Number of protein chains: 2
Amino acid sequence: MKDKVEDKKTALLQAALKLFTEKGFHGTSTAQISKEAGVATGTLFNYFPTKEDLINGLYFDVKGKLSRGMSKDVDSQNTFQDKFRKMWYNLIEWGLNNQEDFRFVNQFCSSPYITDYTREVVMEEYVFYHDLVMEGIASGEFGDYPEGMIISMFYQSSRTIVDFILYSEPHDKNKAIEDGFQIIWEGLAKK
Amino acid sequence: MKDKVEDKKTALLQAALKLFTEKGFHGTSTAQISKEAGVATGTLFNYFPTKEDLINGLYFDVKGKLSRGMSKDVDSQNTFQDKFRKMWYNLIEWGLNNQEDFRFVNQFCSSPYITDYTREVVMEEYVFYHDLVMEGIASGEFGDYPEGMIISMFYQSSRTIVDFILYSEPHDKNKAIEDGFQIIWEGLAKK
DNA sequence: TCTAGAATTGACTAAATAGTCATTCATACA
DNA sequence: TGTATGAATGACTATTTAGTCAATTCTAGA
């Protein structure tokens, strides 16, 4: 049955997510992943021929979810600043609601186990984001900074704020999110 | 002889730095580290009883160097902004000139292999930095943001700019550094 | 030069690893 | 009900791992 097949694959991905994030790629054995997923050791290799295939599949999966979470309702915003604010809030909320996924992506985004091919395929889902930044530069909303710098600063700032909220546990979470947006927007906007 | 002892210890730390950064903690065997350092497998365990002691020693070492690099000549600056600009430039230059060290610190700063004790001891070297940020908040140079948020945003931005320079290879490195400072300063400063 | 103590060595071990494969099991259809 | 197909299993293997330790080499002072 199709559902059961997907069940086991999903269970394996979920187990891998948890363990890779917690103990790293080499720190997690395939036996542990199988056990956590509740399947036999051989089953893992039915779905993912090698351990590297597993982490690449997982990376693709999680990056896709992040992309969809980030872009939600952005189009329906009126001003450019509102589009970016919406994206900011989406990103932070997604990070807070999907902590393991967020940590996984950030931990493995520059890992040698993720192949160039995986990176390429994943990149396609972020074209809308690049386009939006280009638009902001062209229309003079942003200061005269390179596209790649704006993108990295924005994304890394979201990581920083998510970590800040999780680690420092501020009494007013929403203020922390808005503070973060103020900092990055004031930093990047044209003066 | 004292020098030779230090030689081997240094060689081991250097080898571990290179390999841990490249292949991760579990991805690097103690045998590889010994080989890279040009010593026997047993020698590693003379200096560091366990592999975890090795990475903790390394973390302590590198964090100390980073702290000293960051704070150089900051005291002799006149204005508050100049102190922060100096620290920004120090940080970026140190990151560019010590890429492996920088990558290592950033990769392992939230790793489970680094003990709470190591973190505590390391923290002591960053008191001056915390004090400076507190001073900036008190004197109204910074906007009304939590101390921890300012510290994280500043440091993570430096990571972002170092990575941007290394990965995007902009034609004008110095403009990228100053751009980065503008972004983070405009973001954090009181309006 | 001789020697005591420390540093260095690398063969060794018990445990763990990624991946295999012959066997068993579940399902869907005739 | 009988059976054919593919999924699931877990014992197994060849290799690799962190760490040990008895033997060797080096060093500094007498």
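Described below are features of the structure shown in this document. (Residues numbered from 1 in each chain as written. Chains lettered and ligands numbered in written order. Predicted model: local features only at pLDDT ≥ 70, side-chain atom pairs only at ≥ 80, totals over all residues. Heavy atoms only, no water.)

### Remarks on the relation of the copies chain A and chain B
Moving on, step 1. Overlay of chain A on chain B (RMSD 0.1 Å): rotation 180°, translation along the axis 0.1 Å. The superposition operator between the copies reduces to a two-fold rotation axis. Closest approach to the rotation axis among the C-alpha atoms of chain A is made by G187 of chain A, whose C-alpha sits 2.0 Å away.
Moving on, step 2. Most of the interface of chain A is mirrored in chain B, where 100% of its interface residues again form contacts. (Least-squares fit on C-alpha atoms with pLDDT ≥ 70 in both. Contact = heavy atoms within 4.5 Å.)

### Some points on the packing of helix 5 (residues 80–97) of chain A against helix 8 (residues 127–138) of chain A
Residue and element names in this part refer to chain A.
Moving on, step 1. Where helix 5 meets helix 8, the axes come as close as 11 Å, and the angle between the chain directions of the two elements is 145°. The two elements helix 5 and helix 8 cross, and the hand of that crossing is left-handed. Facing helix 5, whose interface residues are F80, K83, F84 and M87, helix 8 presents F128, Y129, L132, V133, E135 and G136.
Moving on, step 2. Class assignment of the residues belonging to the contact of helix 5 with helix 8 gives a composition of seven nonpolar, one polar and two charged. (Axes fitted to C-alpha atoms, helices over the stretch in contact; angles between N-to-C directions. Helix = DSSP H or I, 4+ residues; strand = E, 2+ residues; numbered from the N terminus. Left-handed = near helix turned anticlockwise from the far one by under 90°. Nonpolar A, V, L, I, M, F, W, Y, C, P; charged D, E, K, R; others polar.)

### Thoughts on the interface of chain A and chain B
Moving on, step 1. On the side of chain B, 29 residues touch chain A, which itself brings 29 residues to the contact.
Moving on, step 2. Across the chain A/chain B interface, buried area totals approximately 2300 Å², and carbon plus sulfur atoms make up 72% of it.
Moving on, step 3. For the interface between chain A and chain B, the tally reads four residue pairs in polar contact (both at pLDDT 80 or more).
Moving on, step 4. Contributions of two or more residues to the side of chain A that touches chain B are made by helix 1 (2–23), helix 9 (147–168) and helix 10 (173–188) of chain A.
Moving on, step 5. The biggest single contributor to the side of chain A that touches chain B is helix 9 of chain A, with 10 residues.
Moving on, step 6. Looking at the side of chain A that touches chain B residue by residue, the classes come out as 11 nonpolar, 10 polar and eight charged. (Buried area = accessible area lost by both parts, 1.4 Å probe. Polar contact = N/O pair within 3.5 Å; in protein donor to acceptor, adjacent residues only side chain to side chain.)

### As for the packing of aromatic side chains
Residue and element names in this part refer to chain B.
Moving on, step 1. In total, this model carries 38 aromatic pairs over all chains according to the counting rule given.
Moving on, step 2. Centroid distance F80 to W185: 6.4 Å. Interplanar angle 45°. Geometry classified as tilted. On the criterion of sequence distance, the pair formed by F80 in helix 5 (residues 80–97) and W185 in helix 10 (residues 173–188) is long-range, its members being 105 residues apart.
Moving on, step 3. With a relative accessible area of 9%, F80 lands in the buried category.
Moving on, step 4. Classification of W185 by relative accessible area gives buried; the value is 10%.
Moving on, step 5. Seen in terms of ring centroids, F84 and F154 are 4.9 Å apart; in terms of plane orientation they differ by 80°. Their pairing is edge-to-face. With F84 in helix 5 and F154 in helix 9 (residues 147–168), this residue pair connects regions lying 70 residues apart in the sequence. (Phe/Tyr/Trp six-rings, centres within 6.5 Å; stacked < 30°, edge-to-face > 60°. Buried < 20%, exposed > 50% of the residue type's maximum accessible area, 1.4 Å probe, protein only.)

Purely geometric numbers; function is a separate question.
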